[in-house]
Amino acid sequence: MIYLDNAASTPVHEKVIEEMIPYFREQYGNPSSIHRHGRLANAAIQNSRKRIASLINANSNEILITSGGTESNNTAIYGIVSQSKGKHIITSAIEHDAILEPCKRLEKEGCRISFLPVDKHGFVNPEDLRKEISNDTCLITIMYANNEVGTIQSIKKMVQIAREKNIIFHTDAIQAVGKIPIDVKDLGVDLLSISSHKINGPKGVGALYIKNGVTISPLILGGGQENGLRSGTENVASIIGFGMACELAKNNMNENTDYLKKLTTKLTIRVLHEIPATTLNGHPDMRTPNNTHFTFLGVNGEDLIIKLDENKISASTGSACSVKIQKASHVLKAMGFSHEQVTGSLRLTVGITNTEQEIDQTVDVLKNVVQELRAVSPYKSKYNF
Ligand SMILES: *Cc1c(COP(=O)(O)O)cnc(C)c1O
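Predicted model, so just to flag it, every value in this text is computed and none were measured. (Residues numbered from 1 in each chain as written. Predicted model: local features only at pLDDT ≥ 70, side-chain atom pairs only at ≥ 80, totals over all residues. Heavy atoms only, no water.)

Participant: Run through the sheet that holds strand β10 (residues 291–296), naming residues and quoting values.
Facilitator: The 3 strands lie next to each other as β9-β10-β12, forming an open sheet whose pairing is antiparallel. Either end of the sheet is taken by a strand with one partner, and the two such strands are β9 (278–280) and β12 (345–349). Direction aside, neighbouring strands of the sheet carry axes that sit 25° apart on average. Of the pairings in the sheet, the one linking β10 to β12 comprises 5 bridges and is antiparallel in character. Paired with Thr-292 across the bridge in β12 is Leu-348. The sheet contacts of helix α10 (residues 253–274) involve β9, β10 and β12, and relative to β10 the element is tilted by about 10°. (Pairing = 2+ DSSP bridges. Helix = DSSP H or I, 4+ residues; strand = E, 2+ residues; numbered from the N terminus. Axes fitted to C-alpha atoms, helices over the stretch in contact; angles between N-to-C directions. Contact = heavy atoms within 4.5 Å.)

Participant: Before we move on, could you go through the site of the ligand and cite the residues and values that matter?
Facilitator: Around the ligand, the structure places 14 residues, and the nearest of them are Thr-70, Asp-172, Gln-175, Ser-195 and Lys-198. Within the contact set of the ligand, an oxygen atom lies 2.6 Å away from a side-chain nitrogen or oxygen of Thr-70. Lys-198 has a polar side-chain atom sitting 2.7 Å from an oxygen atom of the ligand. The fraction of the free accessible surface of the ligand (380 Å²) that becomes covered by protein chains is 91%. At 3 residues, helix α4 (residues 69–81) tops the list of elements feeding residues into the shell around the ligand. (Near = heavy atom within 4 Å. Polar contact = N/O pair within 3.5 Å; in protein donor to acceptor, adjacent residues only side chain to side chain. Areas by Shrake-Rupley, 256 points an atom, 1.4 Å probe, with all protein chains shown as cover.)

Participant: Pulling in residues and values, what's your account of the packing of aromatic side chains?
Facilitator: Per the counting criterion, the structure on display carries 1 aromatic pair. Note on Phe-294 and Phe-296: the rings are 6.0 Å apart at their centroids and 45° apart in plane angle, and the pair reads as tilted. Comparing Phe-294 with Phe-296, the two get one shared label, buried. (Phe/Tyr/Trp six-rings, centres within 6.5 Å; stacked < 30°, edge-to-face > 60°. Buried < 20%, exposed > 50% of the residue type's maximum accessible area, 1.4 Å probe, protein only.)

Participant: An account of the pattern of salt bridges is needed here, citing residue identities and associated values.
Facilitator: Within this structure, the stated rule accounts for 21 salt bridges. Note that Glu-247 and Arg-51 form a salt bridge whose closest N and O atoms lie 3.1 Å from each other. Of the two residues, Glu-247 sits in helix α9 (residues 236–251) while Arg-51 sits in helix α3 (residues 36–55), which places them 196 residues apart along the sequence. According to the relative accessible area criterion, Glu-247 is partly exposed, its value standing at 29%. (Salt bridge = Lys/Arg side-chain N within 4 Å of Asp/Glu carboxyl O.)

Right, here's the structure in full:
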């Protein structure tokens, strides 16, 4: 089995699993309890918080632990909007649904939302952001790196624009953290979302960085855990695993990035050279090291996924989080792709557990299945493959 869907989720690192196990077997205390069991669990969470903070150069007290990337994004948006007088939010057209859906709900409730356009590479022009800012803008939320095509935005430049107008800036950095160096102090962002399962940690845990001095209102009320910002008994074992995943990501960043880059470069070169009428989508240079996203003209991407699956290769047409039912990618549409280009798209995202041999095997299979599908394609005569 070959797994090339690491943008959807990643395997949990062996060292992460080892680190988590004692928190199921022995350290099962409630971190809010005052007895020894509770204190040990609480101390472990605080240690994990340090590790999470360290990965993005934040202070520990700036890390709010959540149930994952989706909750971090929702907390950032509702947490700011509910306490702001101005009710205008600026975001982009290519955000993950965990940003777009809360924004659409707020739109129904009377907020004004601007969805910034992107160019054919999926890149937001910071000048478009500047023009969109108005007196009632309370929040700007732009993703760091796109989950479908891997394009990395000029976040630092956009933060500077927000700073000039004193507007809170949030970034969904879930696809970027752990793969490229992120330094919140250098970036100057107010809020930044992270998810554990995209960086070889367990699912169902994540974090929201909240810059010291920035206040948000809580989304979930109850016993007052996480400084009152996120009530509910902590998911101790997963938090410990997440902390370890952050530590591993930090310590191995350069090595991992080089390795991922090596795999995606090989994959891209072979696919573009050996399969005709194929393009690489997303930005040519400003992209995450683990992402490749291709269009094979004349092919239906879903058929391609099924054929690859029959060959024990797991791939995706785009965003896994939203769908079993396929809808045309809003990201590719925003990039100006034709219906045919959207249809022929395939995302292959590598991880640290993939091998060069797997990449070669995948290209060999891909060549055959693309040829097979093109042989019966209604576009066959149009392209003369
Ligand atoms: C995966 C992902 C999310 C959602 O994170 P979960 O931890 O799965 O809830 C949000 N945004 C982006 C860009 C993602 O890739």
